[in-house]
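Architecture at a glance
Here is how the chains run, residue by residue.
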Amino acid sequence: MMDNPFSHPSTLPYQLPPFDKITHSHYLPAFEAGMRAHRQEVAAIAQAPQPPTFENTIVTLERSGQALERVSTVFSHLNAANTDPEMDKIDTEITPKLTAHEDAILLDAALFARVDSLYRQRAALKLDPESLQLLERYHVMFVRAGAKLSEADKARLRGFNEELASLMTQFRQNVLKASKDGAVVVDSAEDLEGLSPEQIGAAAQAAAARDLPGRYVITLQNTTNQPPLARLKNRALREKIYKASIQRADGGPADNNAVIARMVRLRAERAQLLGYPNHASYQLEDESAATPAAVREILTRLAPAGLASARRDAAEMQAIVDGEAARNRTAPFKLQPWDWAFYAEALRKERYDFDEAQVAPYFELDHVLHDGVFYAARELYGFTFQERKDLPLYHPDVRIFEVFDRDGTPLALFLGDFFARDNKRGGAWMDNLVRQSRLFERKPVVTNTLNIPKPQPGRPALLTFDEVTTLFHEFGHAVHGMLSDVRYPLLSGTAVPRDFVEFPSQYNEMWAREPIVLAHFARHYETGAPMPQELLGKVLAAQKFNQGYATTEYLAAALLDQEWHLIDAAQAPSAAEVTRFEIAALRKNGIDYAEVPPRYH
Ligand SMILES: [Zn+2]
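Report follows, based on the coordinates.

What counts, and at which threshold
Residues numbered from 1 in each chain as written. Predicted model: local features only at pLDDT ≥ 70, side-chain atom pairs only at ≥ 80, totals over all residues. Heavy atoms only, no water. Helix = DSSP H or I, 4+ residues; strand = E, 2+ residues; numbered from the N terminus. Rg over C-alpha atoms; globule rule 2.2 N^0.38 Å. Contact = heavy atoms within 4.5 Å. Areas by Shrake-Rupley, 256 points an atom, 1.4 Å probe, with all protein chains shown as cover. Salt bridge = Lys/Arg side-chain N within 4 Å of Asp/Glu carboxyl O. Buried < 20%, exposed > 50% of the residue type's maximum accessible area, 1.4 Å probe, protein only. Phe/Tyr/Trp six-rings, centres within 6.5 Å; stacked < 30°, edge-to-face > 60°. Lys NZ or Arg CZ within 6 Å of the ring centre and 35° of its normal. Donors = N, O, S within 2.8 Å, 3.2 Å for Na, K, Ca; no water. Tetrahedral: all angles 85-135°; square planar, octahedral: opposite > 155°, others 65-115°. Pairing = 2+ DSSP bridges. Arc of directions from axis to C-beta. Core = buried A, V, L, I, M, F, W, Y, C linked by side-chain atoms within 4.5 Å. Patch = residues over 30% accessible without salt bridge, like charges linked within 9 Å, V, L, I, M, F, W, Y side chains within 5 Å. Expected span 1.5 Å × (residues − 1). Polar contact = N/O pair within 3.5 Å; in protein donor to acceptor, adjacent residues only side chain to side chain. Axes fitted to C-alpha atoms, helices over the stretch in contact; angles between N-to-C directions.

1. What about the overall build of the protein?
A count of helical and extended segments in the protein gives 21 helices and seven strands. Compactness check: the protein gives a C-alpha radius of gyration of 26 Å against a globular reference of 25 Å for 601 residues, within 12% of the reference. Expressed as lengths along the three principal axes of its C-alpha atoms, the size of the protein is roughly 90 × 60 × 45 Å. Once local pairs closer than 6 in sequence are excluded, the contacts in the protein between residues at least 24 apart make up 74%. For the protein, the exposed area adds up to about 27300 Å²; of that, 54% sits on carbon and sulfur atoms.

2. What to know about the pattern of salt bridges
Within the structure shown, the criterion is met by 38 salt bridges. In this structure, Arg348 engages Glu345 in a salt bridge whose closest nitrogen and oxygen atoms are separated by 2.9 Å. Residue Arg348 and its partner Glu345 are both found in helix H13 (residues 337-352); the two are separated by three residues, about one turn of the helix. Among the salt bridges present, the one from Arg599 reaches Glu553, with a minimum N-O distance of 2.9 Å. Taken as a pair, Arg599 in the segment after helix H21 (578-588) and Glu553 in helix H20 (residues 547-566) lie far apart in primary sequence, 46 residues in all. For Glu553, a relative accessible area of 7% gives the class buried. Three or more residues are tied together by salt bridges with common partners; here these are Glu32, Glu93 and Lys97.

3. Some words on the packing of aromatic side chains
Counted by the stated rule, this structure contains 27 aromatic pairs. Among the aromatic residues, those joined into a cluster by ring pairs are Phe374, Tyr381, Phe383, Phe385, Phe401, Phe414 and Phe475. The residue whose ring lies beneath Arg144 is Tyr282, and the NZ or CZ to ring-centre distance is 4.1 Å. When the ring centre of Tyr593 is taken as origin, the NZ or CZ atom of Arg311, which lies over that ring, is 4.5 Å away.

4. Quick look at the coordination of the zinc ion
Protein-derived ligands of the zinc ion are His473 (NE2), His477 (NE2), Glu502 (OE) and Glu502 (OE), with the metal-ligand distances lying across 2.1 to 2.7 Å. Its four donor atoms give the zinc ion angles of 52 to 140° at the centre, a pattern that matches the irregular case. One chain supplies every donor to the zinc ion, and in sequence these donors are spaced H-x3-H-x24-E. Here His473 is found in helix H16 (residues 465-482), whereas its partner Glu502 is found in helix H17 (residues 502-510), with 29 residues between them in sequence.

5. Notes on the pairing of strand S4 (residues 399-404)
Judged by how many residues are buried, S4 sits mostly within the fold: six of six residues are covered. On S4, burial covers both faces: Arg399, Phe401 and Val403 on one face and Ile400, Glu402 and Phe404 on the other are all buried. In this sheet, S4 lies alongside strand S3 (residues 384-388) in antiparallel orientation, the contact comprising five bridges. In the sheet register, Arg388 faces S4, and the bridge partner there is Ile400. Here S4 pairs with strand S5 (residues 410-419) via six bridges, running antiparallel. Bridge pairing in S5 places Phe401 opposite Phe414. From the end of S4 to the start of S5, which pair antiparallel, there are five residues, and Gly408 there has a positive phi angle of about 90°.

6. As for the environment of Thr551
Its place among the elements puts Thr551 in helix H20. A relative accessible area of 16% means that Thr551 is categorised as buried. Between the alpha carbons of Thr551 and Ala310 there is a distance of 8.7 Å; along the sequence they are 241 residues apart.

7. Let's talk about helix H2 (residues 54-63)
Within the span of H2, buried status applies to Phe54, Thr57, Ile58, Val59, Leu61 and Glu62. The buried residues of H2 occupy an angular sector of 160° when the element is viewed end-on, so they sit on one face. Looking at the buried positions of H2, the neighbouring elements they touch are helix H1 (24-46), helix H3 (66-81), helix H5 (109-120) and helix H6 (129-144). Looking one or two places after H2, you find Gly65, whose phi comes out positive at around 75°.

8. Notes on the nonpolar core
Residues Trp340, Phe363, Phe472 and Met482 are the most contacted members of the largest nonpolar core, which totals 63 residues. If you tally residues by element for this core, the top one is helix H15 (residues 365-381), at nine residues. Discounting residues that sit within four places of it in the chain, Phe363 has contacts with Val368, Ala461, Leu462, Leu463, Thr464, Phe465, Val468, Leu518, Phe521, Ala522 and Met531. Membership of the second largest hydrophobic core comes to 29 residues, among which are Phe6, Ala30, Ile90 and Leu433.

9. Structural notes on a nonpolar patch on the surface
Where nonpolar side chains cluster on the molecular surface, the patch consists of Phe500, Phe503, Tyr507 and Met510 and spans about 380 Å² of accessible area. Locating Met510 in the fold gives a position in helix H17. Taking the relative accessible area as the measure of exposure, Met510 reaches 40% and is therefore partly exposed.

10. Section: H6
Given a rise of 1.5 Å per residue, 16 residues ought to cover 22 Å, and the 22 Å separating the end C-alpha atoms of H6 matches this to within 8%. Within H6, burial applies to Glu130, Ser131, Leu134, Leu135, Tyr138, His139, Phe142 and Arg144. Lining the buried residues of H6 we find H2, helix H4 (85-106), H5 and helix H11 (279-285). Its side-chain oxygen 3.1 Å from the backbone nitrogen of Glu130, Asp128 forms the N-cap of H6. Among the residues trailing H6, Gly146 stands out with phi positive, at a value near 105°.

11. Section: the pairing of strand S7 (residues 445-452)
Within S7, eight of the eight residues are buried, which leaves it mostly tucked inside the rest of the structure. Looking at chain direction, S5 and S7 are connected through six bridges and run parallel. Looking at S7, one finds that Gly416 is bridged to Asn448.

12. Regarding the sheet that holds S5
Strand order in the open sheet formed by five strands is S3-S4-S5-S7-S6, and the pairing between neighbours is mixed. The sheet is open, and its two edges are formed by S3 and strand S6 (429-434), each paired on a single side. Across the sheet, the mean angle from the axis of one strand to that of its neighbour is 30°, orientation sign disregarded. Of the strands in this sheet, S3, S4, S5 and S7 are in contact with H15, which crosses S4 at around 20°. Packed on one face of the sheet, H16 meets S3, S4, S5, S6 and S7 and runs near 165° to S7.

By themselves these figures say nothing about function.
See the structure below:
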């Protein structure tokens with residue numbers, strides 16, 4: 001362990017993990033040693049002869065587990081952002097052990113007795129507000145984890161947690177494998193008509209990376225809808241890509257049906273054991289929404305309006321399809337889900353007289369980053385940025401920026417990992433590599449991970465306006481982490497309810513559409529010319545376009561998620577019934593509109 005880079009705090013600026021010294025062989029020993037040390041630290045607290053005090057129990061708990069946290073944060077980030085089969089294996093081996101480790105602490109009766117006793121006398125302890133919050137969070141954590149259950153029930157709970165952790169790992173690995181295997185191989189560039197030169201270049205690059213020189217690969221992103229569908233003229237290829245996307249992990253070697261069926265049943269059983277009618281009630285209790293009824297109220301209020309708007313757009317698109325067929329003397333067809341994005345583009349052109357291809361040259365990644373995201377952060381929060389090229393990276397595409405506060409004091413490190421890779425989880429997210437804490441005198445190290453198609457060498461990364469918005473959105477999460485100013489790491493940064501955590505990101509995202517900010521970063525990547533005022537106006541006016549689709553697809557996904565978790569164990573479907581369950585759930589909620597499939601399912 002002596003030369004294991006996780007055995008001691010990093011000596012790099014901001015305690016950035018020493019990525020150049022970390023190899024796969026370090027993980028398992030570091031996890032084992034980290035858990036061992038943590039167990040000893042916690043046992044010393046639980047078995048201390050002195051009566052519990054806030055310092056000797058709660059603060060000492062906050063200080064425990066540092067070695068384990070060092071390896072966990074790095075592993076979980078890299079396993080999502082830059083994984084490989086060996087990391088998959090480590091993940092499969094370590095995840096159930098980590099779950100059991102966590103249970104051993106949260107279900108330790110002697111330890112909970114101390115936390116509970118402090119919690120009951122909390123009014124008399126005269127704690128400052130942050131310390132009181134910390135004590136209350138610890139108590140909630142223990143109780144929700146099952147600390148009040150009988151020993152027999154605790155044993156059942158441990159079993160559920162361990163199996164669920166393994167299922168979750170398997171689910172993630174299946175999704176990644178199925179997404180990779182589902183990529184569509186195209187033989188000739190003619191079939192890609194409609195895509196931009198950058199998109200075609202990216203498809204050629206993806207093929208080269210898979211040893212398919214001279215061919216093209218359309219890789220799949222997280223969501224049901226796939227970006228190339230908006231521009232591909234070849235309808236048969238659109239259908240093929242759509243089906244590859246929606247059928248991922250449904251059958252085949254990475255089938256998730258059995259995993260899903262087992263998972264929802266176990267979640268329901270666990271919720272019942274903990275005293276809740278279902279998993280949704282258990283999860284939501286500790287969120288801002290608090291109850292499934294509150295979630296339902298807002299989702300079902302939005303759904304009919306979203307759906308009505310989508311149907312109006314669909315009627316106009318169908319008219320374009322029919323008009324084309326009449327002009328070309330071809331057979332008309334009914335608009336299908338794989339046609340939506342393509343004809344939405346046509347409708348956008350008709351209504352706003354521009355298309356994404358005209359706009360893309362004005363949204364080059366570096367401009368958007370420096371003159372958009374960082375510019376807005378300077379104006380709003382007083383941040384300044386300096387790129388650091390002297391620090392180790394975990395992948396050559398990653399970039400590191402040091403962030404300074406309004407008064408020039410160092411505030412945080414920001415890592416941007418922007419380009420898509422086959423070994424990266426889909427979507428976009430923020431992560432903490434080092435959690436800010438005054439207890440440990442640590443400043444935050446935060447990351448933004450995105451999936452922007454990587455351009456060919458020497459070519460610019462031209463973004464869609466959606467991707468621009470995502471960049472601002474994720475940076476909002478990063479700002480949340482960077483402005484963290486707490487003593488205790490448990491309360492640090494984005495450790496807030498999941499349905500609150502999107503507030504800072506939504507707030508920051510809004511500035512991408514603010515005319516002053518937009519005009520500042522929307523410059524042509526070759527000439528530097530600002531986007532013509534007229535085009536800028538159209539881009540802004542088009543912001544409300546296609547929102548019927550966008551709203552319906554995410555509401556459908558959210559309602560599916562609710563339905564999956566409102567059932568009790570007896571209602572859990574078998575693996576063969578998973579698809580039927582979802583169809584019925586969409587119908588029940590009046591959101592079963594084939595043209596607009598759920599964003600996730
Ligand atoms: Zn977000």
